[in-house]
Amino acid sequence: MFENGEDRLGTDDDKFIEIFTERSWDQLAAATFMYEKMYKKPFEKMLESEFSRDMLDALKKMVIMARCRASYFAERLFNTMDGLGTDDDDLQRIIVTRCEVDLLEIKEAFRQIYGLPLSKMIRDDTSGNYKEVLLALVN
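The text that follows walks through the structure, step by step, so that each part is easy to find.

Calculation rules
Residues numbered from 1 in each chain as written. Predicted model: local features only at pLDDT ≥ 70, side-chain atom pairs only at ≥ 80, totals over all residues. Heavy atoms only, no water. Core = buried A, V, L, I, M, F, W, Y, C linked by side-chain atoms within 4.5 Å. Buried < 20%, exposed > 50% of the residue type's maximum accessible area, 1.4 Å probe, protein only. Helix = DSSP H or I, 4+ residues; strand = E, 2+ residues; numbered from the N terminus. Contact = heavy atoms within 4.5 Å. Axes fitted to C-alpha atoms, helices over the stretch in contact; angles between N-to-C directions. Parallel < 35°, antiparallel > 145°, perpendicular 65-115°, else oblique. Left-handed = near helix turned anticlockwise from the far one by under 90°. Nonpolar A, V, L, I, M, F, W, Y, C, P; charged D, E, K, R; others polar.

1. Some thoughts on the nonpolar core
- Residues Leu77, Ile95, Ile106, Phe110, Leu118 and Ile122 are the most contacted members of the largest nonpolar core, which totals 21 residues.
- Breaking this core down by element, the ones donating at least two residues are helix H5 (69–81), helix H6 (88–98), helix H7 (103–114), helix H8 (118–125) and helix H9 (128–138).
- Of all the elements, H5 adds the most residues to this core, at 7 residues.
- Residues in contact with isoleucine 95, not counting those within four places in the same chain, are Leu77, Leu118, Ile122, Leu134, Leu137 and Val138.
- The next biggest cluster of nonpolar side chains, apart from the first, holds 14 residues, and it includes Ala29, Met46, Leu56 and Val63.

Here it is as structure tokens:
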């Protein structure tokens with residue numbers, strides 16, 4: 001990745017797209033780890049120097065997902081309930097699709113990152129039968 005970014009004038013976007021879309025999550029995580037070990041620089045800093053806006057956001061999210069899926073989904077869940085209102089579509093989609101896959105790990109990551117249980121945030125942000133269904137899935 002160094003040769004296609006920092007080591008040249010201009011960035012070979014196509015090569016980065018190829019790497020990020022044709023490798024497995026584990027391969028992408030290993031590549032970011034090796035990059036940081038070899039070049040003594042956070043991988044995200046390199047991305048920030050080579051990309052901007054939507055492309056940068058997408059690549060950074062893919063790195064988070066590759067390194068720790070639980071943290072990625074914990075952040076997404078927090079964002080669905082943070083601030084005024086709730087993004088119910090995303091909240092439901094994440095809970096329903098992850099409840100039998102890796103929700104235990106996501107709940108633990110949520111507690112570590114935000115210092116409170118996911119169930120408390122759901123309890124505080126939703127109401128009625130809707131809240132009960134979400135809590136039943138989460139617990």
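2. A few points about unusual backbone geometry
- Located in the positive-phi region is lysine 40, a residue other than glycine, with phi close to 50°.
- Residue position: lysine 40 is located in the loop between helix H2 (25–39) and helix H3 (43–50).
- With phi around 45°, arginine 53 is a residue other than glycine that occupies positive phi space.
- Checked against the element boundaries, arginine 53 lands in helix H4 (residues 53–67).
- Overall, the relative accessible area of 70% leaves arginine 53 in the exposed class.

3. Let's talk about the packing of H5 against H7
- Look at H5 against H7: their axes get within 8 Å of each other, and the N-to-C directions meet at 70°. It follows that H5 is roughly perpendicular to H7 by the angle criterion. Regarding H5 and H7, the two cross each other, and that crossing is right-handed. Residues Ala70, Ser71, Phe73, Ala74, Glu75, Leu77 and Phe78 of H5 lie in contact with H7, whose contacting residues are Glu105, Ile106, Ala109, Phe110, Ile113 and Tyr114.
- Of the residues in the contact of H5 with H7, the class split is 10 nonpolar, 1 polar and 2 charged.

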